[in-house]
Each structure stands twice: as C-alpha cells, then as structure tokens.
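Each chain, letter by letter, is given below.
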Amino acid sequence: MLTRIDHVGIACHDLEEKIAFYESTFGLIVASREVNEEQGVKEAMLHVADGPAGSSYVQLLEPLHPDTPVGKFLAKRGEGVHHVGYGVDDVTAALEAIGAKGVRLLDERPRHGSMGASIAFLHPKDVGGVLTELVQARRLEH
Ligand code: V0V
Ligand code: CO
C-alpha cells in the first residue's frame, strides 16, 4: 500500500534559514514553496531523489501562528522531525483500509497538500509516536 517515502517533515522556527542550511550543507534544491493556511504552515519541499514510484523530498515547515500543529510542536519539543509522509496510489482507499485496522484518522477525507498532492494524517499515538501522513501525488498529465 505504501509506495515510497514521499517526504520527511521537519519543524523549524525560521524557514529561510533552514532552506539555506539544507542547500549549502546537502546541495538540495527547492522544488516548491507554499503557504498552506488550512495546515497553518509556510513550507518548502527540497528535492532529494527520483525513484520508480516517484520523488522524495525534505519538507521544511514554519508555523504561521503558535496555535497550529507545527507551532504547538515547536513549543513542546523544539525543532526536529515532525512527521513522515508516505506515498500511496489512492489516499481514499488507503484511509479506509488503515482506519479499518483501528488507527485513528486525523483526516476522514483527503486535504490539499504541497505541490497539488492529496494528503491525510494518522494519529501519532496509534503509530508508535510518529505523526504519519499519506500522500497521493498529483497525477501528471502526459
Ligand atoms: C503532537 N504529538 C506528536 C506530534 N504532535 N507526536 C509525534 N509527532 C508529532 N508531530 C503528541 C503530543 O506530544 C501529545 O502527546 C499528543 O500528540 C497531543 O498533542 P498536542 O500537543 O496536545 O496537540 P494536538 O492534539 O492539538 O495535535 C496533535 C495532532 C495535530 C497530531 C493531532 O498536530 C494534527 O492534527 N496534525 C496533523 C496536521 C499537521 O501536522 N499539519 C502540519 C503539516 P503527549 O504529550 O500527550 O504524550 S502540513 C503538511 O505536512 C503538508 C501541507 C504537506 O505535506 O503537504
Ligand atoms: Co507533510
């Protein structure tokens, strides 16, 4: 059901500073930058690799306000890994199958994610302490 690691989400206080660090330290290149009001973040995707099942990224996340998922995380735990995003072919089908196993879904329906993806989150308490995101990448038109 999971096809790849789509991205690792990393919470930070200063997006521009962290982008510069990832560019200069690892030679990564920014693939997209977005403000997602619904998720309460300003974020950037830095491209890591392309594989047969799609691409993988580092997602750097700065909160728009303290009272957001990433804002609360930073206040409690400080900067660091916030979530893991796995690729799926069909996020609606994946949610149904995973929900049927008893894992709490934070999103009953997919939401808008970075670069046109459809995303949904699973409760970290039901995934061994890891906030887990399912990512159905935007279908590329050929
Ligand atoms: C909170 N907890 C976490 C966590 N955030 N555990 C692991 N990883 C995290 N990132 C733990 C926290 O330590 C508490 O445990 C417990 O969950 C409840 O946390 P809380 O601080 O009281 O906060 P809540 O319950 O208000 O919210 C936590 C959840 C929330 C996970 C429900 O952050 C959420 O709905 N997240 C999904 C949306 C999201 O994260 N969006 C930003 C990324 P103790 O201390 O009680 O044991 S947007 C994104 O990735 C996009 C757009 C994309 O990829 O395209
Ligand atoms: Co994410």
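What you are looking at is a predicted structure, and each value in this text was computed from that prediction instead of being measured.

(A) Geometry of the UniProt feature "domain: VOC" (unreviewed entry) in the protein chain. Residues annotated in UniProt with the feature "domain: VOC" (unreviewed entry) correspond here to residues 4–137. For residues 4–137, helix accounts for 23% and strand for 43%, while the C-alpha atoms at its two ends are 11 Å apart.

(B) The site of ligand 1, seen in detail. Around ligand 1 lies a shell of 22 residues, among which K72, H82, S114, K125 and E133 are the nearest. One nitrogen or oxygen atom from the side chain of K76 is found 3.2 Å from an oxygen atom belonging to ligand 1. One nitrogen or oxygen atom from the main chain of H82 is found 2.9 Å from a nitrogen atom belonging to ligand 1. Look at ligand 1: alone it shows 1000 Å² of surface, and the protein chains cover 76% of it. Broken down by secondary-structure element, the contributors of at least two residues to the shell around ligand 1 are α2 (69–77), β5 (80–88) and β7 (118–122). In terms of residue count, α2 provides more of the shell around ligand 1 than any other element does, 6 residues in total. Of the residues that constitute the shell around ligand 1, the class distribution is 8 nonpolar, 9 polar and 5 charged.

(C) A look at helix α3 (residues 91–100). Residues of α3 that are buried include every one of V91, A94, L95 and I98, and no others. Down the axis of α3, the smallest arc covering the buried residues is 100°, so these residues share one side. Residues of α3 that are exposed and point over 90 degrees away from its buried face: E96 and A100. Between a side-chain oxygen at the N-terminus of α3 and the backbone nitrogen of T92 the separation is 3.1 Å; the capping residue is D90.

(D) Spatial organisation of helix α1 (residues 15–26). Given a rise of 1.5 Å per residue, 12 residues ought to cover 16 Å, and the 16 Å separating the end C-alpha atoms of α1 matches this to within 8%. The set of residues buried in α1 consists of L15, K18, I19 and Y22. One face of α1 carries all of its buried residues, which in axial projection span an arc of 105°. Along its buried surface, α1 packs onto β1 (2–11), β2 (29–36), β3 (41–51) and β4 (54–63). The opening residue of α1 is D14, an N-cap whose side-chain oxygen sits 3.2 Å from the backbone nitrogen of E16.

(E) Representation of the coordination of the cobalt ion (ligand 2) within the structure. Note on the cobalt ion (ligand 2): its protein donors are H7 (NE2), Q59 (OE1), H83 (NE2) and E133 (OE). The metal-donor distances range over 2.1 to 2.2 Å. Around the cobalt ion (ligand 2) sit 6 donor atoms, and with donor-metal-donor angles ranging over 80 to 175° the site reads as octahedral. Sequence spacing among the residues donating to the cobalt ion (ligand 2) works out to H-x51-Q-x23-H-x49-E. Residue H83 is found in strand β5, and its partner E133 is found in strand β8 (residues 132–136); the two are separated by 50 residues along the sequence. We note that H83, like E133, is buried.

Conventions and cut-offs
- Counting from 1, residues in each chain are numbered in the order their sequence is written.
- Chain letters start at A and ligand numbers start at 1, both assigned in the order the entries are written.
- In view of the model being predicted, local features appear only for residues whose pLDDT reaches at least 70, and side-chain atom pairs are presented and counted only at 80 or more, with totals across whole chains, interfaces and linings using the full set of residues.
- Processing note: side-chain calculations cover all non-hydrogen atoms of the structure and skip hydrogens and water entirely.
- UniProt positions are given in the numbering used here, feature names are shortened, and annotations may be inferred rather than shown by experiment.
- Runs of H or I in DSSP of at least four residues are treated as helices and runs of E of at least two as strands, each being numbered from the N terminus.
- In this text, near means that some heavy atom of the residue lies within 4 Å of the molecule or strand in question.
- Polar contacts, as counted here, are pairs of nitrogen or oxygen atoms within 3.5 Å of one another; within protein the pair requires one atom able to donate a hydrogen and one able to accept it, and residues that are adjacent in sequence qualify only if both atoms are side-chain atoms.
- Only the protein chains shown count as cover for residues, and the accessible areas themselves come from Shrake-Rupley with a 1.4 Å probe.
- Note that Gly is not counted as nonpolar here; it falls among the polar residues with everything else outside the nonpolar set of Ala, Val, Leu, Ile, Met, Phe, Trp, Tyr, Cys and Pro and the charged set of Asp, Glu, Lys and Arg.
- Burial classification: accessible surface area is computed with a 1.4 Å probe over protein chains only, and a residue below 20% of its type maximum counts as buried, one above 50% as exposed, and the rest as partly exposed.
- By arc we mean the arc of the directions from the helix axis to the C-beta atoms, nothing more.
- Helices are assigned an expected span. That span is 1.5 Å times one less than the residue count.
- When checking whether two residues touch, look at their non-hydrogen atoms; a contact exists if any pair is within 4.5 Å.
- Donor criterion used throughout: N, O or S atom within 2.8 Å of the metal, extended to 3.2 Å for Na, K and Ca. Water excluded; incomplete-looking sites may result.
- The rule is simple: four donors are tetrahedral if all their angles sit between 85 and 135 degrees, four are square planar and six octahedral if opposite donors span more than 155 degrees and the others lie between 65 and 115, and anything that fits none of that is irregular.

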